[in-house]
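What follows is each chain in one-letter form.
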Protein chains: 2
Amino acid sequence: MKENGKVTIYDISKKLNISAATVSRALNNNPKISKKTRDLVFAAAKEMNYKQNRLAQALKSGKSKNVGIIVPYINRNFFSSIIRGIEEELGPHGYHVIICQTHEQMETEVEQINTLLNTQVDGIFMSISKSTTKTDHFKKVLDEGKSLIFFDRKLDVPGVSSVVIDDFKAGYLATEHLISQGCKNIAHFAGDLNLEIYKNRYEGYIKALKDHGFQPNPDYVVTTLSSVESGAAAVSKIWELNEKPDAIFSASDYTALGAIQELKRIGIRIPEDFCISGFSNEPFTKYMEMPITSVDQTPLRMGKIAAQVFLEQVDSPQKLTIEKKVVLAPELMVRNSSDRSLHKLAIH
Amino acid sequence: MKENGKVTIYDISKKLNISAATVSRALNNNPKISKKTRDLVFAAAKEMNYKQNRLAQALKSGKSKNVGIIVPYINRNFFSSIIRGIEEELGPHGYHVIICQTHEQMETEVEQINTLLNTQVDGIFMSISKSTTKTDHFKKVLDEGKSLIFFDRKLDVPGVSSVVIDDFKAGYLATEHLISQGCKNIAHFAGDLNLEIYKNRYEGYIKALKDHGFQPNPDYVVTTLSSVESGAAAVSKIWELNEKPDAIFSASDYTALGAIQELKRIGIRIPEDFCISGFSNEPFTKYMEMPITSVDQTPLRMGKIAAQVFLEQVDSPQKLTIEKKVVLAPELMVRNSSDRSLHKLAIH
DNA sequence: TTGTAAGCGTTATCAG
DNA sequence: CTGATAACGCTTACAA
């Protein structure tokens, strides 16, 4: 029957003694085809194990029904959850998702964008790398008439849509929460302040302090890498101060964890003496013996919404002019590391 | 200059007054092209911002330079790490990876395979869903002359290559380790024994017991879901036995965590009174206050090796006959939850 | 060394 | 309602 899985509409047309065009129309449920031939075609297609060649379709139509997703690393919970959200939203619409990693290198990012464009994706979703400063490669995507959507980490580029969480609000909420627990000297473990997300978290922290009558203390702000070791080191650093903090709002769950470990090591009781909040709601935060308060960025939702923004754009005729900025509300997950309500009696 | 990013070799050929064929050859560094025209073509291509259309290339050559990866869920650390491994190995060879999820449904798995074949991927990597029993859809892939590679969860299908870890050995190692810590009554929290991986872990556990002179006790084997709650429930169950166990080899890190929480709740000291080992080396296991012993499945390496197997096959002319079975060695990560060496003095 | 022309599998246009 | 034909952008015999 089939020689090597290469059945085309042409084969069907020969078998039925009709033209390939008719077969194509029948397969696409073109209304001008008689029910009779349509049934005939479907039957033959099934029998001959025919499969549409999406490559040919794509070449003809100019739409590949593929989208690209570029992230620093695939195997970070936050990113893989976003990818999952995009896939689940776009899959039912017939799209496939192609995944690329930048390893935080701008150079790689540029390259990935180029190969994705070569491959004729219909759009690109991405979180920019930490080292990205230029924006030429983003403009190229728009020049080709494809939509570009940033999620989480973005840069302001005209014409580019974005879906992010309100990092400012997240920083504000977390800090306010610590204040509500009675903390007076709140430190902040910040990420790279050149990245918008970290800067916003920092500014939310500052604003919350001021709004509640606290004077921000620059000594209390430590820039850290997102790692356990970095968190422990940062605690050592602030512990040298005369007036020691009694809380930390950390922009990373990993540094928060490192901080907790170090604080315990030097005999500080949490949350009685010291409260702490992380950021990202990494899976491990809720599994700890002392679950860590953290900000949930709702990555699954973020992915789904990014996908919806994309769908709106491809369906729209004047797509290039659309530029949608979605800002999602973060969710503070209060857990033992900062929840004194359970310890109130013990304190006094 | 460029109207809408649609520059083709034809545009270049017109501009240079040469044929499109020559342009194509020049771009592909065909040696029969004079250096002069080659340089001219490259210069013009760059100036006109020409981009190869990989779709057209793919249609012509029959190779899309895309591969599909099908997993139950993208945002599981184990799977996303494998995907990362595949991407990093295949990227430099010009391949893109397309990702699909099955949500553990065989029906979805069949569908995903079909759409991937429609889209002309050059090969498919996958971990089968829990509910998969049939193998027709796998045969279809082979019938189309594409290579199919299973990783971790597999079924035996002639012609399909696979990369897995030695789950039997992993079960054996973990159990033997618990025995070496002095445990006498070792329970096993098993996964669905219809899946090869869980059956092998179970059998490794049984074999280790026997090899060390212990009589396996069916009451000590509890089938669990991979969840924290399920782990706690399983502990309650074995705690009803007259002769209570003094160790657990759990086929999942989540059940191991649930077990630890429940054991602590009822006042059991770990590892002094009770040792426990999980499976998968989930990130949280090492971050716990009491880090959990676990089996590392080296997913990154697994992905890279799966990719290498694929590359060998596409390069080979007789690809269909090749069937490679790779079995990787697991790594037992011994941590506090089962390490009595630090507590020896305290015990006696 | 370069040009001509056919073809990869579809779909759209134009006839009939 | 159906057929012929061109075209999407590229590669590759076959010629020149």
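All values derive from a computational prediction rather than experimental measurement.

Chemist: Which parts of the structure should I look at to understand the relation of the copies chain B and chain A?
Modeler: Put simply, the second copy of the chain is the first one after a rotation about an axis and a shift along it. By a simple turn and slide, chain B fits onto chain A: the slide is 0.0 Å along the axis, the RMSD is 0.0 Å, and the turn is 180 degrees. On this basis, the relationship between the two copies can be described by a two-fold rotation axis.

Chemist: Please explain the sheet that holds strand β9 (residues 275–277) of chain A as it appears in this structure.
Modeler: By way of backbone hydrogen bonds, the strands of a sheet pair with one another, either parallel or antiparallel. Residue and element names in this part refer to chain A. Ordered by their spatial adjacency, four strands build an open sheet running β7-β6-β8-β9, and the pairing between neighbours is parallel. The open sheet has two edge strands, β7 (221–223) and β9, and neither has a second partner. Geometrically, the sheet is characterised by an average inter-axis angle of 15 degrees between neighbouring strands, direction not taken into account. Inspection of the sheet shows strand β8 (residues 247–250) paired to β9 by three bridges, in the parallel sense. If you follow A247 over to β9, its bridge partner there is C275. Against the sheet, helix α9 (residues 196–211) engages β6 (186–190), β7 and β8, with an angle of about 170 degrees to β6. In the packing of helix α11 (residues 253–265) onto the sheet, contacts are made with β6, β8 and β9, and the angle to β9 comes to roughly 160 degrees.

Chemist: Could you clarify how one ought to interpret the packing of helix α1 (residues 9–16) of chain B against helix α2 (residues 20–27) of chain B in this entry?
Modeler: A pair of packed helices is captured by two measures, namely the crossing angle of their axes and the spacing between those axes. Residue and element names in this part refer to chain B. For the pair α1 and α2, interaxial distance at closest approach is 8 Å and the crossing angle is 110 degrees. By the angle between their directions, the pair α1 and α2 is classed as roughly perpendicular. Handedness of the α1/α2 crossing: right-handed. The segment α1 lies against α2, with I9, Y10, I12 and S13 engaging A20, V23, S24 and L27. Split by residue class, the contact of α1 with α2 holds six nonpolar, two polar and no charged.

Chemist: Any chance you could explain the packing of aromatic side chains here in plain terms?
Modeler: Two descriptors summarise a pair of aromatic rings, namely the distance from one centre to the other and the angle between the planes of the rings. In this structure the tally under the stated criterion is 22 aromatic pairs over all chains. Seen from their ring centres, Y254 of chain A and F284 of chain A are 5.2 Å apart, and the 55 degrees between their planes marks the pair as tilted. You can see Y254 of chain A sitting in helix α11 and its partner F284 of chain A sitting in helix α12 (residues 283–287), a full 30 residues away along the chain. For the ring pair F284 of chain A and Y287 of chain B, a centre distance of 5.0 Å and an interplane angle of 50 degrees mean the geometry is tilted. Separated into two different chains, F284 of chain A in helix α12 and Y287 of chain B in helix α12 (residues 283–287) make up a pair that spans both. Accessibility assignment for this pair places F284 of chain A and Y287 of chain B in one class, buried. Members of the aromatic cluster, each reached through a chain of ring pairs, are Y95, F125 and F310 of chain A. The ring of F279 of chain A has R201 of chain A lying over it, and the distance from NZ or CZ to the ring centre is 3.7 Å.

Chemist: Is there a simple way to explain the sheet that holds strand β6 (residues 186–190) of chain B in this structure?
Modeler: All names here are of chain B. The strand order across the open sheet formed by four strands is β7-β6-β8-β9, and the pairing between neighbours is parallel. Pairing within the sheet leaves two strands with one partner each, and these edge strands are β7 (221–223) and β9 (275–277). Averaged over all adjacent pairs, the angle separating strand axes in this sheet is 15 degrees, with direction ignored. Together, β6, β8 (247–250) and β9 form the strand contacts of helix α11 (residues 253–265), whose direction differs from that of β9 by roughly 160 degrees.

Chemist: Got a minute to help me understand the packing of helix α8 (residues 167–180) of chain A against α9 of chain A in this structure?
Modeler: Residue and element names in this part refer to chain A. As a packed pair, α8 and α9 sit with axes 7 Å apart at the nearest point and diverge in direction by 40 degrees. Judged on the interaxial angle alone, α9 and α8 are oblique. As α8 packs across α9, the resulting crossing turns out to be right-handed. In this structure, α8 uses D167, F168, G171, Y172, T175, E176 and I179 to contact α9, whose residues at the interface are I197, N200, R201, E203, G204, Y205, K207, A208, L209 and D211.

Chemist: Just checking my understanding: could you explain the protein's contact with DNA strand C for this structure?
Modeler: In the vicinity of DNA strand C there are 24 residues, among which S24 and Y50 of chain A together with T22, R25 and K60 of chain B approach most closely. Those atoms of DNA strand C that come within 4 Å of the protein belong to sugar or phosphate at a rate of 62%. A distance of 2.5 Å is found between a phosphate oxygen of DNA strand C and a side-chain nitrogen or oxygen belonging to Y50 of chain A. Separating a phosphate oxygen of DNA strand C from a backbone N or O atom of N53 of chain A is a distance of 3.3 Å. Counting only elements with at least two residues in the surface near DNA strand C, the list comes to α2 (20–27) and α4 (54–61) of chain A together with α2 and α4 (54–61) of chain B.

Chemist: What exactly am I supposed to notice about the environment of G213 of chain A here?
Modeler: All names here are of chain A. Tracing the chain through its elements places G213 in the loop between α9 and β7. With a relative accessible area of 66%, G213 lands in the exposed category. In this structure, the C-alpha to C-alpha distance between G213 and I165, residues 48 residues apart in sequence, is 26 Å.

Chemist: Can you walk me through the protein's contact with DNA strand D in this structure?
Modeler: As a structural note, the neighbourhood of DNA strand D is formed by 25 residues, with T22 and R25 of chain A together with I9, S24 and Y50 of chain B the closest of them. Take the atoms of DNA strand D that sit within 4 Å of the protein: sugar and phosphate atoms are 66% of them. Separating a base oxygen of DNA strand D from a backbone N or O atom of K60 of chain A is a distance of 3.5 Å. Looking at the surface near DNA strand D residue by residue, the class counts come to eight nonpolar, 11 polar and six charged.

Chemist: Which parts of the structure should I look at to understand the pattern of salt bridges?
Modeler: Side chains that differ in sign of charge can pair as their charged atoms come close. Counted under the stated rule, the structure contains 34 salt bridges over all chains. With its nearest N and O atoms 3.4 Å apart, the salt bridge here joins E88 of chain B to K304 of chain B. With E88 of chain B in helix α5 (residues 77–90) and K304 of chain B in helix α13 (residues 299–315), this residue pair connects regions lying 216 residues apart in the sequence. For E88 of chain B, a relative accessible area of 16% translates into the label buried. Here D273 of chain B and R269 of chain B are joined by a salt bridge, their closest N and O atoms 3.1 Å apart. Because the salt bridges share partners, they merge into one network encompassing K154, D156, E196, E323 and K325 of chain A.

Chemist: Would you explain the UniProt feature "domain: HTH lacI-type" (unreviewed entry) in chain A in this entry?
Modeler: UniProt's entry tags residues 7–61 of chain A with the feature "domain: HTH lacI-type" (unreviewed entry), counted in the numbering of this structure. Annotation note: span residues 7–61 of chain A, helix share 67%, strand share 0%, distance between end C-alpha atoms 21 Å.

What counts and how
- Residues numbered from 1 in each chain as written.
- Chains lettered and ligands numbered in written order.
- Predicted model: local features only at pLDDT ≥ 70, side-chain atom pairs only at ≥ 80, totals over all residues.
- Heavy atoms only, no water.
- Least-squares fit on C-alpha atoms with pLDDT ≥ 70 in both.
- Pairing = 2+ DSSP bridges.
- Helix = DSSP H or I, 4+ residues; strand = E, 2+ residues; numbered from the N terminus.
- Axes fitted to C-alpha atoms, helices over the stretch in contact; angles between N-to-C directions.
- Contact = heavy atoms within 4.5 Å.
- Parallel < 35°, antiparallel > 145°, perpendicular 65-115°, else oblique.
- Left-handed = near helix turned anticlockwise from the far one by under 90°.
- Nonpolar A, V, L, I, M, F, W, Y, C, P; charged D, E, K, R; others polar.
- Phe/Tyr/Trp six-rings, centres within 6.5 Å; stacked < 30°, edge-to-face > 60°.
- Buried < 20%, exposed > 50% of the residue type's maximum accessible area, 1.4 Å probe, protein only.
- Lys NZ or Arg CZ within 6 Å of the ring centre and 35° of its normal.
- Near = heavy atom within 4 Å.
- Polar contact = N/O pair within 3.5 Å; in protein donor to acceptor, adjacent residues only side chain to side chain.
- Salt bridge = Lys/Arg side-chain N within 4 Å of Asp/Glu carboxyl O.
- UniProt positions renumbered as here; feature names shortened; annotations may be inferred.

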